[in-house]
Amino acid sequence: MTTLVTGCRGRIGSTLVSLLHRDGHAVRAASRTPENLAATATGVPVGVPAGVPVVACDLGDPATFGAALDGIDSVFLYAAPSGIDAFLSTAETAGVRHIVLLSSSSVLAPDPQKNPIASSHHTVEQAVIASPLTTTLLRPGSFMSNAFQWVQSVRAHGSVDLPYPDSHSSPIHATDIAEAALAALTEPRLQGAAYHLTGPESLTAAEQIGALATASGHPITVNTVTAAAWKESVAAFMPGPIADALLAYAAALDGVPDEVTSDVEKLTGHPARTFATWAQENAAAFRP
């Protein structure tokens, strides 16, 4: 009974591989560039444990699917729509019985197929659900690691510019997602359901920045800017439709608490980790 974990250069995939290996489960680590699994992402080592087989699997290239899925019973799958039909066909032929899909809570919004953030996840969800394979959906919302987007500004200016500093989210720790995936992959009673994964509390962006200031030991100023100014500031690396969707989401939750669920605890047996914990773990990144 071997599990294929895709996207192992990311924190969630690499953590999941380590957890499966730790608990004695057969696991195969997959990446579009398996030769780079010893590299780092956002300063975090993402190598796989010694003895874990590594295989090439580019979710946009069906030519890589056959070897990756040979002998596999279950898959932890990232939501990449371009090759999903071929992936599912190859998985069924290979004898895969269960897929745990890393989706997004954005699919819970009205008309997700028209939302530039939700559409790719929605497309993959629909394809996997329509397949004969048992499907478990993990739908996390905002990631705590999204706070890394503030590092450069904090280090350079000791401040962060935000269009909606009182906009809420219930960010989740990547390790909680990996542990939720571990449970879904290894506990049959948890399989075949959808889980909305959140952190344990709804926090405003300003409250998250306050937690980072406390953890780093350095004050961080929050500057309120216009939506247009913020969109211009991210234009070099963020497509306009994505920026517009993020602004609309932030505006909708301006002063409005975000939903908090108990699904992390339902899957893992422990409460979700707090943002303060994440801030302490990553405090060095936010020091000048």
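Read on for a plain summary of the structure.

1. Some points on the packing of helix α1 (residues 11–22) against helix α6 (residues 174–186)
At a minimum axis distance of 9 Å, the contact between α1 and α6 shows a crossing angle of 50°. In terms of their interaxial angle, α1 and α6 are classed as oblique. Two packed elements cross with a definite hand, and for α1 against α6 that hand is right-handed. Contacts between α1 and α6 involve R11, I12, T15, L16, L19, L20 and R22 on the former and, on the latter, A174, T175, I177, A178, E179, A181, L182, L185 and T186. Of the residues assigned to the contact of α1 with α6, the class counts are 10 nonpolar, 3 polar and 3 charged.

2. A look at the pattern of salt bridges
According to the stated counting rule, one finds 8 salt bridges in the structure shown. Two residues, D244 and K231, come together in a salt bridge whose shortest N-O distance is 2.9 Å. Residue D244 is found in helix α9 (residues 240–252), and its partner K231 is found in helix α8 (residues 227–233); the two are separated by 13 residues along the sequence. Owing to a relative accessible area of 37%, D244 belongs among the partly exposed residues under this scheme. On the accessibility criterion, K231 (30% relative accessible area) is partly exposed. Across the pair D263 and K266 runs a salt bridge whose closest N-O atoms are separated by 3.4 Å.

3. Considerations on the sheet that holds strand β6 (residues 74–78)
Two modes of strand pairing occur in sheets, parallel and antiparallel, and in both the strands are linked by backbone hydrogen bonds. Judged by pairing direction, the sheet is parallel, and its 7 strands sit side by side in the order β5-β2-β1-β6-β7-β8-β11 without closing on themselves. Edge strands, defined here as strands with exactly one partner in the open sheet, are β5 (54–56) and β11 (194–197). In this sheet, neighbouring strand axes are inclined to one another by 20° on average, regardless of whether the strands run parallel or antiparallel. Bridge count for strand β2 (residues 26–31) against β5 is 3 bridges, and the pairing is parallel. From the neighbouring strand, S31 faces β5, where its bridge partner is A56. The strands touched by α1 within the sheet are β1 (2–5), β2, β6 and β7 (98–102), with β1 carrying the most contacts at an inclination of about 165°.

So, how was this worked out
- Residues numbered from 1 in each chain as written.
- Predicted model: local features only at pLDDT ≥ 70, side-chain atom pairs only at ≥ 80, totals over all residues.
- Heavy atoms only, no water.
- Axes fitted to C-alpha atoms, helices over the stretch in contact; angles between N-to-C directions.
- Helix = DSSP H or I, 4+ residues; strand = E, 2+ residues; numbered from the N terminus.
- Parallel < 35°, antiparallel > 145°, perpendicular 65-115°, else oblique.
- Left-handed = near helix turned anticlockwise from the far one by under 90°.
- Contact = heavy atoms within 4.5 Å.
- Nonpolar A, V, L, I, M, F, W, Y, C, P; charged D, E, K, R; others polar.
- Salt bridge = Lys/Arg side-chain N within 4 Å of Asp/Glu carboxyl O.
- Buried < 20%, exposed > 50% of the residue type's maximum accessible area, 1.4 Å probe, protein only.
- Pairing = 2+ DSSP bridges.

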